[in-house]
Amino acid sequence: MTKNPYKQGLLDGMCGFYSVINAIYYLKSDMSTAKCEKLLKSLILTKPYSFHSLFCDGTYYENVKFLINHVCTSVRGYKDISYSTPFENDVFENAEEYTSCLKEHVDGKNSVAIISVGQPWNHWTVLTKVDSENDKIHIFDSYFDLLDKGSMLNIKDLTIKRNSKKYYLYTEETIVITKKT
């Protein structure tokens, strides 16, 4: 019997925390491991009494927005980071339309997006680029990179309609993170 190791996200709900840290880490060239650890500690301490629940049950959209807002407004050294939620009230026909619109907000240099993917379970990941030419999205992730999927997902494997064979996107839960230049 061959066993595979557990990966981040299978036993915990930390992907929301990781997505916030990974988005900022991707955008800021001065982020060391020590700075990322300090940022994680700051995020945990924003709601220390509810951290156990967030760790076990996962971080929902409002929690992730709260965490990124905390970074943007309260953590020293991150005033150059801002966020927006451009698709909270939008409806898309399909994943192609969503990723096309998302491409207008994400440049991979000064802006990335935290998106919610509903398969294999609800998971937060960082989208760094929409590659329309090759029909792929580039991700910077704490889980998918370990799945032999690499750092890209095919747009044809994404859906906005519930389908167990594709990666379901919660488009209204898109958070765009921007670094001011």
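Attention in this report is confined to the structure presented alongside it.

**Some thoughts on the pairing of strand β8 (residues 175-179)**
It is a general feature of regular strands that their side chains alternate between the two faces of the sheet. In terms of residue burial, β8 counts as a mostly covered element, since four of its five residues are buried. With four bridges joining them, strand β1 (residues 81-84) and β8 adopt antiparallel strand pairing. Bridging from a neighbouring strand, Ser 82 pairs with Thr 178 of β8. Here four bridges tie strand β2 (residues 111-117) to β8, and the two strands are oriented antiparallel to one another. Residue Ile 114 lies in a different strand from β8, and its bridge partner there is Ile 175.

**A few points about the sheet that holds β8**
The strand order across the open sheet built from six strands is β1-β8-β2-β3-β4-β5, with neighbouring strands paired in antiparallel fashion. What marks the edges here is a single partner per strand, and that holds for β1 and β5 (152-154). Recorded for the sheet is a direction-independent mean angle of 35° between the axes of neighbouring strands. With three bridges connecting them, strand β4 (residues 136-140) and β5 associate as antiparallel partners. Bridge pairing in β5 links His 138 to Met 152. Against the sheet, helix α1 (residues 15-27) touches β1, β2, β3 (123-131), β4 and β8, its axis set at about 35° to β3. Set on the sheet, helix α4 (residues 61-74) makes contact with β1, β2, β3 and β8; between it and β1 the angle comes to about 150°.

**So, α4**
Taking 1.5 Å of rise per residue, the 14 residues of α4 would be expected to cover 20 Å, and the 19 Å separating its terminal C-alpha atoms lies within 8% of that figure. Taken residue by residue, α4 has Tyr 61, Asn 63, Val 64, Lys 65, Leu 67, Ile 68, His 70, Val 71 and Cys 72 as its buried positions.

**Observations concerning unusual backbone geometry**
Of note in the backbone geometry, Asp 135 takes a positive phi value of approximately 55° without being a glycine. The topology assignment puts Asp 135 in the loop between β3 and β4. Judged by relative accessible area, Asp 135 falls into the partly exposed class, the value being 46%.

**A word on the packing of aromatic side chains**
In the structure shown here, the tally under the stated rule is nine aromatic pairs. On the numbers, 5.9 Å between centres and 45° between planes, the contact of Phe 51 with Phe 55 is tilted. Here the residue Phe 51 and the residue Phe 55 both occupy positions in helix α3 (residues 51-57), the gap between them amounting to four residues, near one helical turn. For Phe 51, a relative accessible area of 19% translates into the label buried. Where Phe 92 meets Tyr 98, the ring centres are 5.4 Å apart and the plane angle is 70°; that geometry is what we call edge-to-face. Here Phe 92 and Tyr 98 have matching classes, each one buried. Grouping aromatic residues by their ring pairs yields a cluster made of Phe 17, Phe 51 and Phe 55. A cation sits over an aromatic face here: Lys 47 above Phe 66, 4.3 Å from the ring centre.

Basis of the calculations
Residues numbered from 1 in each chain as written. Predicted model: local features only at pLDDT ≥ 70, side-chain atom pairs only at ≥ 80, totals over all residues. Heavy atoms only, no water. Buried < 20%, exposed > 50% of the residue type's maximum accessible area, 1.4 Å probe, protein only. Helix = DSSP H or I, 4+ residues; strand = E, 2+ residues; numbered from the N terminus. Pairing = 2+ DSSP bridges. Axes fitted to C-alpha atoms, helices over the stretch in contact; angles between N-to-C directions. Contact = heavy atoms within 4.5 Å. Expected span 1.5 Å × (residues − 1). Phe/Tyr/Trp six-rings, centres within 6.5 Å; stacked < 30°, edge-to-face > 60°. Lys NZ or Arg CZ within 6 Å of the ring centre and 35° of its normal.

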